[in-house]
Amino acid sequence: MRSVLSVGLQNIGDRWQLALSCSGIQRKQGAAPHFREAGVMRHAVHAFTHRDVHIVYDGLSQTLMIVDDVGFEVVKRFALRNLPDMIGELADRFSEEDVRNAYEEIASLTAEGALFCDEDRLVASRDAPRPALGLSGICLHVAHDCNMRCSYCFAGSGLYGGKPTLMQQDTARAALDHLFRHAGSSAHVYVDFFGGEPLLNMSVVKDAIAYGNQLAKETERSVTWSMTTNGMLLDADIADYFNAHEVNLIISMDGRSSVHDAMRPDRQGQGTHDFVRGKAVALYQSRRPQMTRRYGDGVYTYIRGTFTRRNLDFAEDVIHLYEEGFRHIAMEPVVSDSGAPWTLSDEHVDGLKEQYDRLTDWILDSRRRGDPLHFHHFELDVERGPCLGKRASGCGAGLHYLAVSPEGDIYPCHQFVGNAMFGMGNVLAEEAESPLTEAFKEANFGGKAACQTCFARYHCGGGCHANHWLLSRDLLQPDRLSCELIRKRLECALFLAVDDATEAV
């Protein structure tokens, strides 16, 4: 197997860190892997071809490499066949020597833990104790009210099934007390302001930031602040405040005016595209470049859209936002029950995958022009990705991440707010352990049958719990359409990571 990129690995704690070089593959000597009589190893290796490039990725070790034709065919069979069988199967295409050499190279990488990592050996079983991660973040619903009437809003125009309500200062402070009290040994916590539209309650936002920063100072922690907003109330004073306090911002825009206005009207039913665009452009420009980092690399400012069956050509909306001047963009598939006219279905999957391919090509072109588009779902860092424990625990909803309603009620995440079945207490009341905690401990990919053979499980952690519940009323039943799109996005991200590495060397 002649790798275009060679691989060097260092064992860093409980994960493998990837390093790309051109110096040749340095390998430890070891025996070929043991294959189980009852079936294949529970590994996370994925071999695929994108734009005529053969890519191999181990989602557990995070090893990423390009292989030639013979290496590609051997790695696909490696966990299922022995060497003599492979030689026979591939005899019409490759010589015995080429197949043997490729097999030995893969076997050596497997012996050192770079490929075909055995999940049962490296990761705790479903019944074993989970990684000791404390509460690390909360979502403060400072406003259950909104100045827009988005058709697909999961929160029912920001009301979450209730009446218009703004969070009070003492409730926000109590929620922050709860976060810092349960953060354990965590040196860093994060707080997201959400709604409805959180800018409707800016006075409480400002007080919460001042109070939370004081708590961080007293406890020798750091705190990251973020907000998701529709942008309608943004102005120069608010921008100056957010910039001064380094608040991460996500502004909701769906792309082209025809798409945005159809789904995101104001209370009077009028389109909001042009108004929001002006606000968002001014804010974005005030923050460049120091506050428009990639997610995880510093203060970020993202434009976040939603695509539905009404804009199945959503790549055009991403490109439109780029042409409006934005360089950090996310575009999410709508999550809705099957009765809504904008819902996505299985018949759309192939076309949506083609849109991701179009975006991949467009991003490559933007890189070549020296003005890259940063598409959130393609921003994969294989060298500095999260630790194994974090990847295994997924989003952490109900455990490491909680949401708090304006009344102080605690929920597993922002999408469960208002659903009485998922209430987990109240920050203003005497604390008691919620029985839901145990349920969410189990709601990771270890407890989901559909995840056991999916190579992407160490990136999505088993998917969105709220999405599963909405569509199947089962936290352990992933949505097939969502899974298909997650896998496709990861393939595109891996291809772009390979392109990044080849450009670098």
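Here the structure is a predicted model, which is why all the values come from computation and not from measurement. (Residues numbered from 1 in each chain as written. Predicted model: local features only at pLDDT ≥ 70, side-chain atom pairs only at ≥ 80, totals over all residues. Heavy atoms only, no water.)

(A) Structural detail: the overall build of the protein. Broken down by element type, the protein carries 16 helices and 15 strands. By the burial criterion, 55% of the 505 residues in the protein qualify as buried. Surface accessibility of the protein: about 21800 Å² in total, with carbon and sulfur atoms responsible for 48%. (Helix = DSSP H or I, 4+ residues; strand = E, 2+ residues; numbered from the N terminus. Buried < 20%, exposed > 50% of the residue type's maximum accessible area, 1.4 Å probe, protein only. Areas by Shrake-Rupley, 256 points an atom, 1.4 Å probe, with all protein chains shown as cover.)

(B) Quick peek at helix α15 (residues 465-472). Turning to α15, its buried residues number three or more, namely H465, A466, N467, H468 and W469. Positive phi shows up at R473, right after α15, with a value of about 55 degrees.

(C) How the structure looks around the packing of aromatic side chains. Inspection of the entire model under this criterion finds 17 aromatic pairs. Aromatic pair F375 and F378: ring centres 4.8 Å apart, planes at 70 degrees, arrangement edge-to-face. Like F375, the residue F378 is buried in the burial classification. Every member of this aromatic cluster is reached through a ring pair, and the members are F307, F314, Y356, F375 and F378. Stacked on the ring of Y241, the Lys or Arg K206 has its end atom at 5.2 Å from the ring centre. For the cation-ring pair, R369 lies above W362, with the distance from its terminal atom to the ring centre recorded as 5.0 Å. (Phe/Tyr/Trp six-rings, centres within 6.5 Å; stacked < 30°, edge-to-face > 60°. Lys NZ or Arg CZ within 6 Å of the ring centre and 35° of its normal.)

(D) Molecular detail of the pattern of salt bridges. According to the stated counting rule, one finds 24 salt bridges in the structure shown. A salt bridge links E484 to K353, with the shortest nitrogen-to-oxygen separation between them at 2.8 Å. One end of the pair, E484, is in helix α16 (residues 480-504); the other, K353, is in helix α11 (residues 349-368), and 131 residues separate them in sequence. Residue class for E484 comes out buried when judged on its relative accessible area of 18%. For K353, a relative accessible area of 23% translates into the label partly exposed. For E484, the salt bridge is made with R487, and the minimal N-O distance between the two is 3.7 Å. On the criterion of helical spacing, the pair formed by E484 and R487 is a turn pair, its members being three residues apart in helix α16. Its relative accessible area of 24% is what places R487 among the partly exposed residues. A cluster of three or more residues bridged by salt bridges with shared partners is formed by E73, K76, R77, R81, E89 and R93. (Salt bridge = Lys/Arg side-chain N within 4 Å of Asp/Glu carboxyl O.)

(E) Geometry of the pairing of strand β11 (residues 301-307). With respect to burial, β11 is a largely interior element, six of its seven residues being buried. With four bridges joining them, strand β10 (residues 248-252) and β11 adopt parallel strand pairing. Within β11, the residue paired with I251 across the bridge is I303. With five bridges joining them, β11 and strand β12 (residues 328-333) adopt parallel strand pairing. Paired with T306 across the strands is E332, a residue of β12. (Pairing = 2+ DSSP bridges.)

(F) Seen up close, the sheet that holds strand β5 (residues 63-66). As summarised here, the arrangement of the three strands in space is β3-β4-β5, forming an open sheet in which the pairing is antiparallel. Two strands close off the open sheet at either side, each with one partner strand: β3 (45-50) and β5. With strand direction ignored, the average angle separating the axes of adjacent strands in the sheet is 15 degrees. (Axes fitted to C-alpha atoms, helices over the stretch in contact; angles between N-to-C directions.)

(G) How the structure looks around the environment of N101. Relative to the elements of secondary structure, N101 occurs in helix α3 (residues 96-111). The exposure class of N101 is partly exposed, given its relative accessible area of 36%. Sequence-wise, N101 and V70 are 31 residues apart; in three dimensions their C-alpha atoms are separated by 9.5 Å.

(H) Representation of unusual backbone geometry. Geometrically, the link from G195 to G196 is a cis peptide bond, its omega value of 25 degrees lying close to zero. Within the element layout of this structure, G196 appears in the loop between β8 (188-195) and α6 (202-219). Positive phi is not limited to glycine here, since R51 has a value of about 50 degrees. With respect to the secondary-structure elements, R51 resides in the loop between β3 and β4 (53-58). We note that Q62 has phi near 65 degrees; this positive angle belongs to a residue other than glycine. Note that Q62 resides in the loop between β4 and β5. Judged by its relative accessible area of 1%, Q62 falls in the buried class.

(I) Quick peek at the nonpolar core. The biggest cluster of nonpolar side chains holds 112 residues, and the ones touching the most others in it are I138, L140, F193, F242, F378 and F416. Once you skip the residues sitting within four places of it in the chain, I138 turns out to touch A175, L176, L179, Y190, V191, D192, Y401 and L402. By size, the runner-up hydrophobic cluster in this structure holds 25 residues, among which are V45, V70, V74 and L83. (Core = buried A, V, L, I, M, F, W, Y, C linked by side-chain atoms within 4.5 Å. Contact = heavy atoms within 4.5 Å.)

(J) Looking closely at the pairing of β3. The buried count for β3 comes to five of six residues, which makes it a mostly enclosed element. Counting the residues in the hairpin turn of β3 and β4 gives two residues, including R51, whose phi is positive at 50 degrees.

(K) Representation of the environment of R264 within the structure. With respect to the helices and strands, R264 occurs in the loop between α8 (257-263) and α9 (273-287). The spatial distance from the C-alpha of R264 to the C-alpha of S151 is 6.6 Å, given a sequence separation of 113 residues. Contacts of R264, omitting those with residues within four sequence positions, involve M148, C150, Y152, N230, S252, D254 and T272. Only 3.2 Å separates the side chain of R264 from the side chain of Y152, close enough to count as a polar contact. (Polar contact = N/O pair within 3.5 Å; in protein donor to acceptor, adjacent residues only side chain to side chain.)

(L) Structural view of α9. Across its 15 residues, α9 extends 21 Å between first and last C-alpha, which sits within 8% of the 21 Å expected from 1.5 Å per residue. All buried positions along α9 are accounted for by H273, V276, A280, L283, Y284 and R287. For α9, the angular spread of buried residues about the axis comes to 110 degrees, placing them on one side. Among the structural elements, α7 (236-244), β10, α8, β11, α10 (315-323) and β12 are those in contact with the buried residues of α9. (Expected span 1.5 Å × (residues − 1). Arc of directions from axis to C-beta.)

Function-wise, these values are silent; they only describe arrangement.
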